[in-house]
Amino acid sequence: MSTDTTPTDAEAACFEAGIKFGSLYHQFAGTPVSPDTAPSLATAMADSIENQPHCREVTVDVRADELEAALAESVADYTELTGRFLEVEIVVDYEGCVVVTRMEMEDGYPLMRLESVRE
């Protein structure tokens, strides 16, 4: 058994991806969103997270069908942003190790998962 506790580049890249998802989700959850503001909010979210170290690319899609369904049940013309309205992909490049992560709805829950690790 190795006594080296230094994280590998792959482990560090996965950690970085987790930090980015935590920032994205918790920074923007609760933000007022409507069909008119969804595209600019998605762009702001992606641009904000792309500022972080080792972040290669962020894609944020607001699920318009889910947003419209939520608003059809509401008296307001906006709602608050939650994970059920989002599909997100984050690509991190840490020292040449590229990690692809996604968040999408699975069984009613916005699941964040590791898609691939390439060294």
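No experiment lies behind these values; they were computed from the predicted model shown.

**Student:** I keep staring at the side chain of serine 34 and nothing clicks. Help me out?
**Tutor:** Within the fold, serine 34 resides in the loop between β1 (32-33) and α2 (38-50). With a relative accessible area of 11%, serine 34 lands in the buried category. In this structure serine 34 touches Leu67, Asp77 and Tyr78, once residues within four positions along its chain are discounted.

**Student:** Before we go on, may I ask you to explain the nonpolar core in this structure?
**Tutor:** For soluble globular proteins, nonpolar side chains are generally found buried alongside one another. In this structure, Met45, Val58, Val60, Leu81, Leu86, Val88 and Ile90 are the most contacted members of the largest nonpolar core, which totals 29 residues. Among the elements of the structure, α1 (9-28), α2, β2 (55-62), α3 (64-72), β4 (86-94) and β5 (97-106) are those that each provide at least two residues to this core. Those residues in contact with valine 60 that sit more than four places away from it in its chain are Leu24, Ala42, Met45, Ala46, Leu86, Glu87 and Val88.

**Student:** Which parts of the structure should I look at to understand the UniProt feature "domain: Dihydroneopterin aldolase MtpD C-terminal" (unreviewed entry) in the protein?
**Tutor:** As annotated in UniProt, the feature "domain: Dihydroneopterin aldolase MtpD C-terminal" (unreviewed entry) corresponds to residues 8-115 in the numbering used here. Along residues 8-115 one finds 39% helix and 35% strand; the C-alpha atoms at either end are 18 Å apart.

**Student:** Would you take a moment to explain the pattern of salt bridges for this structure?
**Tutor:** As a working rule, side chains carrying opposite charge can pair if their charged atoms are close by. One pass over the full model with this rule turns up nine salt bridges. Across the pair arginine 102 and glutamate 89 runs a salt bridge, and its minimum N-O distance is 3.4 Å. Highlighted residues: arginine 102 in strand β5 and glutamate 89 in strand β4, separated in sequence by 13 residues. We classify glutamate 89 as partly exposed; its relative accessible area is 24%. Measuring nitrogen to oxygen at the nearest pair gives 3.3 Å for the salt bridge that ties glutamate 106 to arginine 113. Glutamate 106 gets classed as partly exposed once you look at its relative accessible area, which sits at 39%. Residue arginine 113 is classed as partly exposed on the basis of its relative accessible area, which comes to 26%. Bridged by salt links that share partners, the residues Glu89, Arg102, Glu104, Glu106, Arg113 and Glu115 form one connected network.

**Student:** Quick question: what am I supposed to make of unusual backbone geometry here?
**Tutor:** Even without a glycine there, the phi angle at glutamate 95 is positive, about 50°. Structurally, glutamate 95 is set in the loop between β4 and β5. In this structure, aspartate 107 is a non-glycine residue whose phi angle is positive, near 55°. By the secondary structure assignment, aspartate 107 is in the loop between β5 and β6 (109-118). Judged by its relative accessible area of 78%, aspartate 107 falls in the exposed class.

**Student:** It is not clear to me how the UniProt feature "binding site: substrate" (unreviewed entry) in the protein should be interpreted in this structure. Could you clarify?
**Tutor:** Those residues carrying the UniProt feature "binding site: substrate" (unreviewed entry) are Glu16 and Met112 in this numbering. Over a stretch of 97 residues, the named residues converge on one spot in the fold, their C-alpha atoms separated by at most 13.5 Å. Positionally, glutamate 16 belongs in helix α1. Discounting residues that sit within four places of it in the chain, glutamate 16 has contacts with Pro53, His54, Val92 and Tyr94. By the secondary structure assignment, methionine 112 is in strand β6. On the basis of relative accessible area, methionine 112 is assigned to the partly exposed category, the value being 35%. If near-sequence neighbours (up to four positions away) are discounted, methionine 112 is found in contact with Phe21, Tyr25, Arg102 and Met103.

What counts as what
- Residues numbered from 1 in each chain as written.
- Predicted model: local features only at pLDDT ≥ 70, side-chain atom pairs only at ≥ 80, totals over all residues.
- Heavy atoms only, no water.
- Helix = DSSP H or I, 4+ residues; strand = E, 2+ residues; numbered from the N terminus.
- Buried < 20%, exposed > 50% of the residue type's maximum accessible area, 1.4 Å probe, protein only.
- Contact = heavy atoms within 4.5 Å.
- Core = buried A, V, L, I, M, F, W, Y, C linked by side-chain atoms within 4.5 Å.
- UniProt positions renumbered as here; feature names shortened; annotations may be inferred.
- Salt bridge = Lys/Arg side-chain N within 4 Å of Asp/Glu carboxyl O.

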